[in-house]
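# Remarks on the overall topology
These are the residues of each chain, in order.
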Protein chains: 2
Amino acid sequence: MKLITWNVNGIRAVERKGELQKLVEAEQPDFLLLQEIKGTREQFSKFLTEHADYEQYYHSAEKKGYAGSGLWVRKSVSAKFKGAEFHTDVPHMPNADEGRVAWLSFRLGRQTWDLMSIYFPNGGKSEQAWREKLEFYDCIHAHMNLLRDAGHRVVVGGDMNVAHNEIDIARPKENDGKIGFHPDERAWMDRVVGDGWRDVWRALHPDAVEVYSYWDMVTRARDRNVGWRIDYFLTCEKTFKRIVDADYLDAQMGSDHCPLRMNLDV
Amino acid sequence: MKLITWNVNGIRAVERKGELQKLVEAEQPDFLLLQEIKGTREQFSKFLTEHADYEQYYHSAEKKGYAGSGLWVRKSVSAKFKGAEFHTDVPHMPNADEGRVAWLSFRLGRQTWDLMSIYFPNGGKSEQAWREKLEFYDCIHAHMNLLRDAGHRVVVGGDMNVAHNEIDIARPKENDGKIGFHPDERAWMDRVVGDGWRDVWRALHPDAVEVYSYWDMVTRARDRNVGWRIDYFLTCEKTFKRIVDADYLDAQMGSDHCPLRMNLDV
DNA sequence: CATACGATG
DNA sequence: CATCCTATG
């Protein structure tokens, strides 16, 4: 089972550039988790809404052109699901109108799976936005635990807008305390990992350096690989045991983020 | 003496495309009258503000990125001026904060010249805008008369946002009564011409058809030459006697308008 | 369709 | 630097 998560920075933009098509054709993922779709289904082309091979779910922000998330499932895969449900609501979530969660729940055999595509807030807009980012972290963490405690297999993929450790960021000193590398955010990652959740790619590559998923466009940081690893797959232990591999697709262009892929032996 | 008037639809855009440079190098006009510059001097490049061969005057709107006019004078020409003054104010003008007039007054020999670059209002935004467009017409007409009555040689060039007669528009029937071909606007042109002002190009080419200066971008009307002749040079009789020729430069790209050129034997 | 703007990242 | 938005023509 192949899963990819990608912050597309405008799904219409990556489609216009042909980059989304390239990814889908080359990888043919079973699940594609999307963040920052920046639009609504009504604004999207048939490729994004009536794909022959995928069921395409979106959760758009109320505010036009802002944030939003999505989740595609290969039809040949979803055909095997029982009782599949698409959700967008997580209890006690701030920013509930910003379309940050696209969540598919389904049964496969006797197991219930929860697959969540999440675009965590940036939090740099205002003091209020920063407080809501921290709330958002706790809200998601609590919900992940709840699903796991119910015996589900849980996968959370997306742009978490935080680099966990110094190894996950090109300029740790310069960014210490800044949005995206603030102690309070890093402490959340610590708590989540300490709580038994696995940062899949890092767990498989504990010592790998200079691997990032986001680069600042203003400074053309991608040219020099001055990046941040802020896009993750997090899974419960039981799911992690099934992981085959995970890789950042850093050759994929079209966005200021690159996709993260993982394969699962289900 | 070569004069060109051009509604550039954003002077930074025509510069970025290299089209303004092409026009200036190919034509080397003595005067270049500009409309819809859409910006301020502070936003402009050295090419637009510190040209080796031109003095470059601008009148920008208060509202950012909106309207505005300009006037370039070849330095070798302005060197012969006495008492040159750049003006932006015309008495009783509505829309006085929209930068619609860039006006150079100077003496050459014993004669005083007034050369005005004017971007007339479109008037289609609201009822209020329509009323102000008609006011603007009268304000300009009165001012032209005033200068002429003072014994000046007067040239007004710009986007007048009205097609005078059926011959001046590709689809007269469909646009009858619409903004830009409304009886009240056409009547203004009638009054101005009846008052001794010359529509220079039309006076030289009374029967020429299918010659236009503006084409709708939405419908890609330029491909089919479905256009409007709304950019003019108007001169007083005494100036008209000195006109050598006039032509619309319809091969000039970069804007939704093409430039109008005229040569004057001074 | 195209040039501007402003918000957001 | 790049995605959206809206206003304007």
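Up top you'll find the structure we're talking about.
Quantities reported herein were computed from a predicted structural model and do not represent experimental measurements.

Take the overall build of chain A next. For chain A, the helix and strand inventory stands at 9 helices and 14 strands. Its C-alpha radius of gyration of 17 Å places chain A within 12% of the 18 Å reference for a compact globule of 266 residues. Residues counted as buried form 58% of the 266 residues belonging to chain A. For chain A, the proportion of contacts with a sequence separation of at least 24, taken over those separated by at least 6, is 68%. Element-wise, carbon and sulfur atoms account for 48% of the exposed surface of chain A, whose accessible area totals about 11,800 Å². Between the averaged position of the 37 positive side-chain charges in chain A and that of its 42 negative side-chain charges there is a distance of 3 Å.

All names here are of chain A. Strand order in this open sheet of 6 strands is E5-E6-E7-E8-E12-E9, and the pairing throughout is mixed. Two strands lie at the open edges of the sheet, namely strand E5 (82-87) and strand E9 (198-199), each paired on one side alone. Where strand E7 (residues 111-119) meets strand E8 (residues 153-159), 7 bridges bridge the pair, whose relative direction is parallel. Of the residues in E8, the one forming a bridge with Leu115 is Val155.

In the neighbourhood of DNA strand D, 18 residues make up the surrounding shell, with A:Ala13, A:Lys17, A:Met217, B:Lys63 and B:Tyr66 lying closest. Within 4 Å of the protein, the atoms of DNA strand D are drawn from sugar and phosphate moieties in a proportion of 87%. A distance of 2.9 Å separates a phosphate oxygen of DNA strand D from a polar backbone atom of A:Ala13. In this structure, B:Lys63 approaches DNA strand D through a side-chain N or O atom, which is 2.8 Å from a phosphate oxygen. Its residues placed into classes, the surface near DNA strand D shows 6 nonpolar, 5 polar and 7 charged.

Quick look at the pattern of salt bridges now. Note on pairing: side chains with opposite charge can pair once their charged atoms come close. Residues and elements named next belong to chain A. One pass over the structure, following the stated rule, counts 31 salt bridges over all chains. A salt bridge links Arg148 to Asp195; the nearest nitrogen and oxygen atoms lie 3.8 Å apart. Here Asp195 lies in the loop between helix H7 (183-194) and E9 and Arg148 lies in helix H5 (residues 127-149), a separation of 47 residues in the sequence. Asp195 gets classed as partly exposed once you look at its relative accessible area, which sits at 29%. Residues participating in the shared-partner salt-bridge network are Lys2, Glu27, Asp247 and Arg261.

A word on the protein's contact with DNA strand C. Close contacts around DNA strand C come from 18 residues, with A:Lys63, A:Tyr66, B:Ala13, B:Lys17 and B:Gln43 the closest. Counting only the atoms of DNA strand C within 4 Å of the protein, the fraction contributed by sugar and phosphate is 88%. A distance of 3.0 Å separates a phosphate oxygen of DNA strand C from a polar atom in the side chain of B:Lys17. Split by residue class, the surface near DNA strand C holds 6 nonpolar, 5 polar and 7 charged.

As a further point, take the sheet that holds strand E4 (residues 69-74) of chain A. Residues and elements named next belong to chain A. Pairing is mixed across the open sheet formed by 6 strands, whose spatial order is E3-E4-E2-E1-E14-E13. Each end of this open sheet is capped by a strand with a single partner; those strands are strand E3 (54-59) and strand E13 (243-248). When strand polarity is set aside, the average angle formed by the axes of neighbouring strands in this sheet is 15°. Each of strand E1 (2-7), strand E2 (31-35), E3, E4 and strand E14 (260-264) is contacted by helix H2 (residues 19-27), which is oriented at about 165° to E1, the strand it contacts most.

The next thing to look at is the environment of B:Tyr54. Residue and element names in this part refer to chain B. On the secondary structure map, Tyr54 appears in strand E3 (residues 54-59). Spatially, the C-alpha atom of Tyr54 lies 23 Å from that of Ile243, the residues being 189 residues apart in sequence. Residues contacting Tyr54, with those up to four places away along its chain left out, are Val24, Gln28, Pro29, Asp30, Trp72, Val73, Arg74 and Lys75. A polar contact of 2.6 Å, which involves the side chain of Tyr54, links it to the backbone oxygen of Pro29. Separated by 3.1 Å, the side chains of Tyr54 and Arg74 make a polar contact.

What the rule picks out here adds up to 0 disulfides over all chains. Here A:Cys139 is not cross-linked by a disulfide; its sulfur's nearest cysteine counterpart is in A:Cys236, at 18 Å.

The subject of this paragraph is unusual backbone geometry. The phi torsion at A:Gln28 lies on the positive side, around 40°, for a residue other than glycine. Residue position: A:Gln28 is located in the loop between H2 and E2. Relative accessible area serves as the criterion here: at 46%, A:Gln28 is assigned to the partly exposed category. If you check the backbone angles, B:Arg220 has positive phi at about 50° while not being a glycine. On the basis of relative accessible area, B:Arg220 is assigned to the exposed category, the value being 60%.

Moving on, we come to helix H7 (residues 183-194) of chain B. Residue and element names in this part refer to chain B. Look at H7: 16 Å from first C-alpha to last across 12 residues, which is about the 16 Å you get at 1.5 Å a residue. Of the residues making up H7, those classed as buried are Glu185, Arg186, Trp188, Met189 and Val192. Looking straight down H7, one finds that the buried residues subtend no more than 150° of arc, so they occupy a single side. On its buried face, H7 is in contact with helix H5 (127-149), strand E9 (198-199) and strand E12 (231-235). Looking one or two residues past H7, Gly196 carries a phi angle of roughly 100°, positive in sign.

Thresholds applied
Residues numbered from 1 in each chain as written. Chains lettered and ligands numbered in written order. Predicted model: local features only at pLDDT ≥ 70, side-chain atom pairs only at ≥ 80, totals over all residues. Heavy atoms only, no water. Helix = DSSP H or I, 4+ residues; strand = E, 2+ residues; numbered from the N terminus. Rg over C-alpha atoms; globule rule 2.2 N^0.38 Å. Buried < 20%, exposed > 50% of the residue type's maximum accessible area, 1.4 Å probe, protein only. Contact = heavy atoms within 4.5 Å. Areas by Shrake-Rupley, 256 points an atom, 1.4 Å probe, with all protein chains shown as cover. Lys, Arg positive; Asp, Glu negative; His and termini not counted. Charge placed at Lys NZ, Arg CZ, Asp CG, Glu CD. Pairing = 2+ DSSP bridges. Near = heavy atom within 4 Å. Polar contact = N/O pair within 3.5 Å; in protein donor to acceptor, adjacent residues only side chain to side chain. Nonpolar A, V, L, I, M, F, W, Y, C, P; charged D, E, K, R; others polar. Salt bridge = Lys/Arg side-chain N within 4 Å of Asp/Glu carboxyl O. Axes fitted to C-alpha atoms, helices over the stretch in contact; angles between N-to-C directions. Disulfide = S-S within 2.5 Å. Expected span 1.5 Å × (residues − 1). Arc of directions from axis to C-beta.

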